[in-house]
Amino acid sequence: MAQNTTRRLKIVAGADSFGGSLKDSLVNHLRSLNIDVEDLGTSAQYYSIGEEIGRRVSTTASSDTETRGLVACGTGVGVSIFANKFPGVYAATCLTPGDALNSRSINNSNVLAVSGMSTSPESAVEILDTWLNTPFKSPCPASDSKPWPTEIDSFLENSVSEMSKIGEGGPEPKNKDTSSSCAICWLNSRNKDKPEGDFTPVEIMPGGSMKILRETPTSAVVRFESGSVEPAHHHTFGHDLVVMKGKKKVWNLSKKEEYDLGVGDYLFTPAGDVHRVKYWEDTEFFIKWDGHWDIFLDEDLDAANAAIGKEI
């Protein structure tokens, strides 16, 4: 499917508070190119902006206008996950121009997700320009910057229509609340009808269990029982989490900050930050981190309980 260069291009843009400044820079750049931009602004609800842009791109159909999305958060990952829950949306997190080339050439990406925490405005402009100017099936790093062979070109030609059918006719999750548009809730519902034994215990943390959902980058649904404590620890990789059930308190000892988290709350913890956690209720959360799973304890459980006892 050759790119239709006669259609007018419109970009729907938005960000969470971690990506707001980068989004503003890119919106200004788009407008300098005389591209029509609908700026949804910066949302304090974190990943919900990805949901809104996904919905807009999915439901906007026009014979003379091509609507794409631009979305930014701290890592660019969470918002792309949410945007991709909508039919016909192909959101790609791009940290380099090469990523942008591949996402357009191979996947016909129509939503660009960028990282407000790791991408400078100058680099982001280069990524955006590459994404805007790369036609579907064009030479890219994945093709060694050469035209695709005939058989792969044919595969790519059919892939867009095939991708749009993925999930059609499949069984609905038994516990899916079809009245809810929350992607994390839907993700969690896939595990509700599975026995507890499906969760691999994390023995280093009392009361914890984990189910790996995918790797590279890695994400998981993690469960802790009420009353559990995570002693002070740190990781070599930063991680994002969203609470799906229960209540917890996080003490970031490196920053001397405290966070009370409930259902729907989001928290990013940078690499190396030492943090301690207390679970007030049975709690489940979705967590994503870059790199292999690692954890380094900075205190034992008795010391953690003593420290928390002084706090509360």
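Above this text is the structure in question.
Residues numbered from 1 in each chain as written. Predicted model: local features only at pLDDT ≥ 70, side-chain atom pairs only at ≥ 80, totals over all residues. Heavy atoms only, no water.

## Describing the sheet that holds strand 1 (residues 8–16)
Then comes step 1: Read from one edge of the open sheet, five strands run 2-1-3-5-4, paired in parallel fashion. Edge positions in the sheet fall to strand 2 (36–43) and strand 4 (91–93), since each has one partner strand and no second. Each neighbouring strand pair of the sheet contributes to a mean axis angle of 15°, computed without reference to strand direction.
Then comes step 2: Docked against the sheet, helix 5 (residues 121–133) engages strand 1, strand 3 (65–73) and strand 5 (111–115), running at close to 165° with respect to strand 5. (Pairing = 2+ DSSP bridges. Helix = DSSP H or I, 4+ residues; strand = E, 2+ residues; numbered from the N terminus. Axes fitted to C-alpha atoms, helices over the stretch in contact; angles between N-to-C directions. Contact = heavy atoms within 4.5 Å.)

## A word on the pairing of strand 11 (residues 248–252)
On a regular strand, each side chain points to the face opposite its neighbour's, so the side chains alternate between the two faces of the sheet.
Then comes step 1: Across the five residues of strand 11, five count as buried, placing the element largely inside the fold.
Then comes step 2: As judged from the five bridges shared by strand 11 and strand 12 (residues 257–261), these two strands associate in the antiparallel manner. Of the residues in strand 12, the one forming a bridge with K248 is L261.
Then comes step 3: If you look at the hairpin formed by strand 11 and strand 12, you'll find four residues sitting between the two strands, and K256 has a positive phi there, around 55°.
Then comes step 4: Bridge count between strand 11 and strand 14 (residues 275–279): five bridges; the pairing is antiparallel. Within the sheet, the bridge partner assigned to K248 lies in strand 14 and is Y279. (Buried < 20%, exposed > 50% of the residue type's maximum accessible area, 1.4 Å probe, protein only.)

## Concerning helix 5
Then comes step 1: Over its 13 residues, helix 5 runs 18 Å from end to end, which matches the ideal 18 Å to within 8%, given 1.5 Å per residue.
Then comes step 2: Among the residues making up helix 5, those that are buried are A124, I127, L128, T130, W131 and L132.
Then comes step 3: Taken together, the buried residues of helix 5 touch strand 1, helix 1 (20–32), strand 3, helix 4 (97–107) and strand 5. (Expected span 1.5 Å × (residues − 1).)

## Considering the packing of aromatic side chains
Then comes step 1: Under the criterion given, the structure shown has four aromatic pairs.
Then comes step 2: With a centroid separation of 4.4 Å and 10° between ring planes, the pair formed by F224 and Y279 is classed as stacked. With a gap of 55 residues between them, F224 in strand 8 (residues 218–224) and Y279 in strand 14 connect regions that are remote in the sequence.
Then comes step 3: Given a relative accessible area of 4%, F224 falls into the buried group.
Then comes step 4: Measuring from ring centre to ring centre gives 6.2 Å for F224 and F285, while their planes differ by 5°; the resulting arrangement is stacked. Of this pair, F224 sits in strand 8 while F285 sits in strand 15 (residues 283–289), and the two are 61 residues apart along the sequence.
Then comes step 5: Taken together, the ring pairs in this structure connect F224, Y279 and F285 into an aromatic cluster. (Phe/Tyr/Trp six-rings, centres within 6.5 Å; stacked < 30°, edge-to-face > 60°.)

## Some remarks on the side chain of H29
Then comes step 1: Within the element layout of this structure, H29 appears in helix 1.
Then comes step 2: Filtering out sequence-adjacent residues up to four positions away, H29 remains in contact with V125, L128 and D129.

## Quick look at helix 1
Then comes step 1: Helix length check: helix 1 (13 residues) gives 18 Å between terminal C-alpha atoms against 18 Å at 1.5 Å per residue, within 8%.
Then comes step 2: For helix 1, every residue scored as buried is listed here: G20, L22, K23, L26, V27, H29 and L30.
Then comes step 3: Residues of helix 1 that are buried sit in contact with strand 1, strand 2, strand 3, strand 5 and helix 5.
Then comes step 4: Immediately downstream of helix 1, the backbone of N34 shows phi near 65°, a positive value.

## Considerations on the environment of A271
Then comes step 1: Relative to the assigned elements, A271 resides in the loop between strand 13 (266–269) and strand 14.
Then comes step 2: Taking the relative accessible area as the measure of exposure, A271 reaches 44% and is therefore partly exposed.
Then comes step 3: Separated by 33 residues in sequence, A271 and G238 have C-alpha atoms that sit 4.0 Å apart.
Then comes step 4: In this structure A271 touches H235, T236, F237 and G238, once residues within four positions along its chain are discounted.

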